[in-house]
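Listed here are the chains, written in short residue letters.
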Amino acid sequence: MSVIKFQDDPIVAIATAPGRGGIGVVRVSGKDLSSYINAFFGRDLTPRHAYYLPFCDAHGEVIDEGIALYFKGPNSYTGEDVLELQGHGGPAVLKRIIKRCIEISVGNQCLRPAEPGEFTQRAFLNGRLDLAQAEAVADLIDASSESAARSAMASLSGEFSKLVNELADSIIYLRMLVEATLDFPEEEIEFLEKYDAVPQLEALQEKLRHILQVSEQGMILREGLHVVLAGQPNVGKSSLLNALAGDEVAIVTAIAGTTRDRVVQQIHLNGVPLHIVDTAGLRETDDTVESIGIERSWAEIAKADVILHLQDAAAPDLEANQDILSKMPTKTPVITVFNKIDLLDEQTLAKLKNQNTADNRVFLSAKEQFGLQQLTELLLSIAGLQVQQETPWLARERHLIALKESMDHLNQAYNFAQQDDRVLDLFAEELRLSHEALNSITGEFTSDDLLGEIFSSFCIGK
């Protein structure tokens, strides 16, 4: 979707979800809708007043009766004039209302159907929302948990943008001092020493680290964790998947190699979405089909955010488990899960725990469903989220990329600040690039191609 091409066209769309419903909303947005409203209803509407009116076709036949609301720009969602028609939610009724809306011209222009996300795009272009807030509109609609919805609302209200803007303003202030020194070198001011450049940069780095840390948690709340269950056959991977999902989503038998292809289930732990993947048991086999399943298991392991390495606590195979562990990605967190502890007596279980004292290990019984709380807490801890703790805003991958880019340039500026004023021009350039990266988050500096990509992922009518 082009950002500029259709910007001035009046647009119309159904703003409620597809399908039947008690209420349906049709939204119109344009630069000046006063004459359009008069042509539609044969009268003017006072802005921000609700009118119960008939919605008629070109021949005066009543299509529906409902509420008409007129919002005069710039005090509207899009910053333009907006007309909302709230009627019954039948698809046929709404299509007839849309048809009537398109038949009426606005000056010498006719309405056209809105592109996906175009109402919110106009809100951004007209200064009603910054880009991070605009993205939060889609995140609020797509939120899959109560925590994600609250966090999206926090982002929409501007909490994330406020912190980013405050940091950007601090960088601007430092840039201003540097540029002034470069413009007036005859003053012979030792800038780096006089203005405490190093302490200022350290404070900026600390603020940015905090924003980045919370944003990484927000990304997890939005995207979820990719958790892979891995281990030998018959260690209880499918049983653990069923226990976590609270349903029989995977087949469980005593026959080794029952799971031959991945089984994916999305669940929520304390509001955090987890995409849990049950995989084929890892072992040497001559079975062609099982071999393919094992290859797919390793492919899933390579993509995992967290790996749960299951072992049979009652019959451990130390050599096989060590071989599996040695082949796992070195940078991916691995939780060792000792399953089937219901088969152990207290003395044997105590001995097993004494032999395995690493932090990332859990003792549980998927069959009897005890020990799952410890696993939940460990998963949330690895995600950077403590139980019952909520992230104040959601974040996207592009936000993290921009924050890390800004941090890289701040770090480079810090390195220059350790030297002397002969590198002030390089110091100033790194500050500029850091500031530019932050501005891309809120849309102060963003390409048209990126805007088109962002808003095209929205639903129509938003």
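Conventions and cut-offs
- Residues numbered from 1 in each chain as written.
- Predicted model: local features only at pLDDT ≥ 70, side-chain atom pairs only at ≥ 80, totals over all residues.
- Heavy atoms only, no water.
- UniProt positions renumbered as here; feature names shortened; annotations may be inferred.
- Core = buried A, V, L, I, M, F, W, Y, C linked by side-chain atoms within 4.5 Å.
- Buried < 20%, exposed > 50% of the residue type's maximum accessible area, 1.4 Å probe, protein only.
- Helix = DSSP H or I, 4+ residues; strand = E, 2+ residues; numbered from the N terminus.
- Contact = heavy atoms within 4.5 Å.
- Pairing = 2+ DSSP bridges.
- Axes fitted to C-alpha atoms, helices over the stretch in contact; angles between N-to-C directions.
- Expected span 1.5 Å × (residues − 1).
- Phe/Tyr/Trp six-rings, centres within 6.5 Å; stacked < 30°, edge-to-face > 60°.
- Parallel < 35°, antiparallel > 145°, perpendicular 65-115°, else oblique.
- Left-handed = near helix turned anticlockwise from the far one by under 90°.
- Salt bridge = Lys/Arg side-chain N within 4 Å of Asp/Glu carboxyl O.
- Right-handed = clockwise from strand over helix to strand, strands pointing away.

The name recorded for the protein chain in an unreviewed UniProt entry is tRNA modification GTPase MnmE, from Oligella ureolytica. Its UniProt record gives the protein chain the following Subcellular location (unreviewed entry) comment, quoted word for word: "Cytoplasm".

Trainee: Looking at this structure, I do not really get the nonpolar core. What am I missing?
Mentor: Soluble globular proteins tend to pack their nonpolar side chains together in the buried interior. Judged by nonpolar contacts, the single largest core of 33 residues is most densely connected at Leu-201, Phe-427, Leu-431, Leu-438 and Ile-441. Only helix H6 (159-183), helix H8 (197-223), helix H14 (397-417) and helix H15 (424-442) provide two or more residues apiece to this core. Non-local contacts of Leu-431, meaning those with residues more than four positions away in its chain, are made with Ile-171, Leu-174, Arg-175, Val-178, Leu-201, Leu-410 and Ala-413. Ranked by size, the runner-up nonpolar core spans 30 residues in total, among them Ile-220, Val-306, Val-337 and Leu-375.

Trainee: Looking at this structure, I do not really get the sheet that holds strand S14 (residues 361-363). What am I missing?
Mentor: Backbone hydrogen bonds are what pair the strands of a sheet, in a parallel or an antiparallel way. Judged by pairing direction, the sheet is mixed, and its 6 strands sit side by side in the order S10-S11-S9-S12-S13-S14 without closing on themselves. Of all the strands in the sheet, the pair left with one neighbour each is strand S10 (263-269) and S14. On average, each strand axis in the sheet is tilted by 25 degrees relative to the strand beside it, whichever way the strands run. Contacting strand S9 (225-231), strand S12 (306-312) and strand S13 (334-339), helix H11 (residues 318-326) crosses the sheet at an angle of about 170 degrees to S12.

Trainee: How should I be thinking about helix H4 (residues 131-142) in this particular structure?
Mentor: At 3.6 residues per turn, the α-helix brings residues three or four places apart onto the same side. The first and last C-alpha atoms of H4 sit 17 Å apart over 12 residues, in line with the 16 Å expected at 1.5 Å per residue. Across the 12 residues of H4, 9 count as buried, placing the element largely inside the fold.

Trainee: It is not clear to me how unusual backbone geometry should be interpreted in this structure. Could you clarify?
Mentor: Note on backbone geometry: most residues besides glycine have negative phi, and most peptide bonds are trans. The linkage connecting Gly-73 with the following residue, Pro-74, adopts the cis geometry, with an omega of 10 degrees. Inspection of the secondary structure assignment puts Pro-74 in the loop between strand S4 (62-71) and strand S5 (81-87). A positive phi angle is found at Arg-48, which is not glycine, with a value near 65 degrees. The backbone of Gln-369 shows a phi angle near 60 degrees, a positive value even though the residue is not glycine.

Trainee: I tried to follow the packing of aromatic side chains on my own but got confused; where do I start?
Mentor: How two aromatic rings sit relative to each other is set out by the distance from centre to centre and by the angle between their planes. Scanning the entire structure with this criterion turns up 5 aromatic pairs. Where Phe-160 meets Trp-393, the ring centres are 5.3 Å apart and the plane angle is 15 degrees; that geometry is what we call stacked. Taken together, the positions of Phe-160 in helix H6 and Trp-393 in the loop between helix H13 (372-382) and H14 put the pair 233 residues apart, joining distant regions of the chain. Judged by its relative accessible area of 0%, Phe-160 falls in the buried class. Overall, the relative accessible area of 3% leaves Trp-393 in the buried class. Ring plane angle 10 degrees and centroid distance 5.1 Å describe the contact between Phe-338 and Phe-363, whose orientation is recorded as stacked. One end of the pair, Phe-338, is in strand S13; the other, Phe-363, is in strand S14, with 25 residues separating them in the sequence. Each member of the pair, Phe-338 together with Phe-363, is buried.

Trainee: In this structure, what is going on with the UniProt feature "binding site: Mg(2+)" (unreviewed entry) in the protein chain? I would like to understand it.
Mentor: Following the UniProt record, one finds the feature "binding site: Mg(2+)" (unreviewed entry) at Ser-238 and Thr-259. Tracing the sequence through the fold places Ser-238 in helix H9 (residues 237-245). Note on Ser-238: relative accessible area 9%, which makes it buried.

Trainee: Sorry, what's going on with the packing of H4 against helix H5 (residues 146-156) here?
Mentor: The description of two packed helices rests on the angle between their axes and on the distance between the axes. At a minimum axis distance of 8 Å, the contact between H4 and H5 shows a crossing angle of 155 degrees. In this view, H4 runs roughly antiparallel relative to H5, as classed from their interaxial angle. Considering only the axes of H4 and H5, their crossing is left-handed. Across the interface between the two elements, Ala-132, Gln-133, Ala-136, Val-137, Asp-139 and Leu-140 from H4 touch Ala-149, Ala-152, Met-153, Ser-155 and Leu-156 from H5.

Trainee: Just checking my understanding: could you explain the pattern of salt bridges for this structure?
Mentor: One side chain can pair with another of opposite charge once the charged atoms of both are near each other. In this structure the tally under the stated criterion is 21 salt bridges. The residue Glu-80 makes a salt bridge to Lys-31 at a minimum N-O spacing of 3.9 Å. With Glu-80 in the loop between S4 and S5 and Lys-31 in the loop between strand S2 (24-30) and helix H1 (34-41), this residue pair connects regions lying 49 residues apart in the sequence. By relative accessible area, which is 4% here, Glu-80 ends up buried.

Trainee: Whenever I open this one, the pairing of S13 confuses me. Can you help?
Mentor: The side chains of a regular strand alternate, first on one face of the sheet and then on the other. Of all 6 residues that make up S13, 6 are buried, and the element is covered over most of its length. Along S13, one buried face is formed by Val-334, Thr-336 and Phe-338 and the opposite face, lined by Ile-335, Val-337 and Asn-339, is buried too. Strand direction decides the pairing type here: S13 and S14, joined by 3 bridges, are parallel. Note that in S14 the partner of Phe-338 across the bridge is Phe-363. As for the winding sense of the linkage, the β-α-β connection from S13 through helix H12 (residues 346-355) to S14 is right-handed.

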